[in-house]
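Overview (structure and organization)
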Amino acid sequence: MNKDTGFFGHPIGLRTLFLTEMWERMSYYGMRALLVLYMTGSLAGFNPGMGLSAMDANAIYGIYVGMVYFMVVPGGWIADNILGHQKAVLLGAIIIALGHFILAIPVEQTFFLGLVFVVLGTGLLKGNISTIVGNLYGDNDKRRDSGYTIFYMSINIGSTLGFLICSYLGEKIGWHYGFGAAGIGMAFGVYQYIQFRHLLGSAGEFPNDMDESKRAGYIKWTKLSLVLMFAVIGCGLLGLITIEPRVFAENFAYFLTIVAGAYFLYLYSFAGLSPSEKKNLLLLFVLFIGAAAFWSGFDQSASSLSIFARDYTDLSVAGFIIPIGWLQFANPIFVVTFAPIFAGIWAHLARINMDPSLPIKFAIGLIFMAISFMVMVYAVQLAMVSAPVGMRWLLLTYLLQTWGELALSPIGLSAFSKYSPKRYMGQMFGLWFLASAIGGVLAGLLGGDATVDGLSSVQPIFTFMIQYYAVIAVLLIAMSFLFKSREKSS
Ligand code: GLN
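The structure contained in this document is the topic of the report that follows. (Residues numbered from 1 in each chain as written. Predicted model: local features only at pLDDT ≥ 70, side-chain atom pairs only at ≥ 80, totals over all residues. Heavy atoms only, no water.)

With 159 residues, the main nonpolar core has Leu-17, Met-31, Tyr-64, Phe-308, Met-428, Phe-462 and Tyr-469 as its most contacted residues. When residues of this core are assigned to their parent elements, the largest contribution, 16 residues, is made by helix 1 (residues 13-40). When near neighbours in sequence (up to four residues on either side) are disregarded, Tyr-469 contacts Ala-293, Phe-294, Ser-296, Gly-297, Phe-298, Leu-366, Met-369, Ala-370 and Phe-373. (Core = buried A, V, L, I, M, F, W, Y, C linked by side-chain atoms within 4.5 Å. Buried < 20%, exposed > 50% of the residue type's maximum accessible area, 1.4 Å probe, protein only. Helix = DSSP H or I, 4+ residues; strand = E, 2+ residues; numbered from the N terminus. Contact = heavy atoms within 4.5 Å.)

Below you can see the structure in the form of structure tokens.
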């Protein structure tokens, strides 16, 4: 049993990870809140944007969010086989900070390069830091689950800071100040991580044991892939390949879906799993679909919902017009408020033997999403009669979406750690983030469809979201009967 109790009864290394993740999420969410607004901002005015169409800006946003979570998969592989998780996090944090500083340069030419850096850095950091959290605890240490809960708090404190600081600076002073603030936040994270990395001890310090010649082969392939990748990215940035954002986003969504499907199929058919492990994998596959659908609505907070906030919502509070991004900190504040309540409800239901199965909890998450879009459809109708509408509609939407998040996100993470075949754990976490990747791209595509034509295009897309969530929720409820005995027996 690990006796280290230096951080709220948890190993002191958790403090290092908590603060690193906090600053990383501050920079990620802070910058993300500005992205679509900057891209769709008009070319003239005191704070000129890029003048892109809503369709293109949303597609780029979707590609960006999708890439961030997709890169977690190779990032995990590099940490497992080459760098070790601790070094991967350090390198990732430095690359993210550089990315934001590149975005802070007030010219358009370097914009996409900055995004590429943030994507690659997050790929190295996000999944690997979550793995080190688990490694801080011994195998039977009961504190692991609550360790992850504390870690989830750091994510939300970070995003609150990000919305607060980056949205204010970016919207009220200049977009690039907001991007720069994200870079400074991440730089605090890097400094802190370097200072206190030793507190992690050996957790995630070394890559997997293997023959050094095998590792040398892996390193060679990684270098080759990096060169190829930078060559393609370079051609894109220099304009030698033209990329149609919408078409690229659509193909990327197909690509991610095929990769995830093929990977589940591979694990099911060829990974030598026992019958019981196969049933667990099917359960995780069902949850995967629910999670991808969930994020496709949730991640519209910084796309269609931000545009609705900007164009059709009254943002004045006591004579001050608040930044558009400030509405989004409703989400992390509600998470911190309601997380203990949700945990208490699940624990109570478990005690009286009425704990809903995992697919049912996911269905509850999706039903909250459906209701949140009903609120939005109502708000859109009001705005059609007379805009701007009050901000209570978006706040209510975020409240419902946060309840959905709490029924799904922390639960999904622990389900993947509990039901994944042990020897594939790292890759299974990669799959969990692939659900976020698919959701992110879809959020960009759906957000684009919603905002292409002012309010008249919002209503049909949001109505579609309600139907789509209802259908998937019903499917999950139907599936839950198949898995009922499974969860009880394990
Ligand atoms: N809000 C969580 C985070 O930022 C989960 C996001 C996601 O998986 N899409 O870590």
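This next bit is on the site of the ligand. In the region of the ligand, the neighbouring residues are Arg-25, Tyr-29, Tyr-69, Lys-126, Tyr-152, Ile-155, Trp-295, Glu-405 and Ser-436. A distance of 2.7 Å separates an oxygen atom of the ligand from a polar atom in the side chain of Tyr-29. Protein chains shield 94% of the accessible area of the ligand, which is 300 Å² for the free molecule. Residue assignment for the shell around the ligand shows that the elements contributing at least two residues are helix 1 and helix 6 (144-173). Classifying every residue of the shell around the ligand gives five nonpolar, one polar and three charged. (Near = heavy atom within 4 Å. Polar contact = N/O pair within 3.5 Å; in protein donor to acceptor, adjacent residues only side chain to side chain. Areas by Shrake-Rupley, 256 points an atom, 1.4 Å probe, with all protein chains shown as cover. Nonpolar A, V, L, I, M, F, W, Y, C, P; charged D, E, K, R; others polar.)

Time to look at unusual backbone geometry. In this structure, Pro-388 follows Ala-387 across a cis peptide bond, with omega equal to 0 degrees. Tracing the sequence through the fold places Pro-388 in the loop between helix 13 (358-385) and helix 14 (392-419). Although it is not a glycine, Phe-8 adopts a positive phi angle of roughly 45 degrees. With respect to the element layout, Phe-8 can be found in the segment before helix 1. The phi dihedral of Ala-318 falls on the positive side, at around 45 degrees, and the residue is not glycine. You can see Ala-318 is positioned in the loop between strand 1 (316-317) and strand 2 (320-321).

Relative orientation and spacing of two packed helices are given, respectively, by the angle between their axes and the distance between those axes. Taken N-terminus to C-terminus, the directions of helix 12 (residues 330-351) and helix 14 make an angle of 50 degrees; their axes are 9 Å apart at the nearest point. In terms of axis orientation, helix 12 runs oblique to helix 14. Crossing of helix 12 against helix 14: the hand is right-handed. The residues of helix 14 that touch helix 12, namely those facing Ala-330, Asn-331, Phe-334, Val-335, Phe-338, Ala-339, Phe-342 and Trp-346, are Leu-395, Tyr-398, Leu-399, Thr-402, Trp-403, Glu-405, Leu-406, Ala-407 and Ile-411. A class-by-class count of the residues in the contact of helix 12 with helix 14 yields 14 nonpolar, two polar and one charged. (Axes fitted to C-alpha atoms, helices over the stretch in contact; angles between N-to-C directions. Parallel < 35°, antiparallel > 145°, perpendicular 65-115°, else oblique. Left-handed = near helix turned anticlockwise from the far one by under 90°.)

With 28 residues, helix 1 should reach 40 Å at 1.5 Å per residue; the first-to-last C-alpha distance of 42 Å fits that figure. Counting buried positions over the 28 residues of helix 1 gives 26, a clear majority of the element. (Expected span 1.5 Å × (residues − 1).)

Next up on the list: the pattern of salt bridges. Counted according to the given criterion, the structure contains nine salt bridges. A salt bridge links Arg-246 to Asp-449; its shortest N-O distance comes to 3.1 Å. In this pair, Arg-246 sits in helix 9 (residues 245-270) while Asp-449 sits in helix 15 (residues 425-451), placing the two residues 203 residues apart along the sequence. Classification of Arg-246 by relative accessible area gives buried; the value is 16%. When its relative accessible area of 24% is taken as the criterion, Asp-449 is described as partly exposed. A salt bridge links Lys-361 to Asp-355, with the shortest nitrogen-to-oxygen separation between them at 3.3 Å. (Salt bridge = Lys/Arg side-chain N within 4 Å of Asp/Glu carboxyl O.)

Function-wise, these values are silent; they only describe arrangement.
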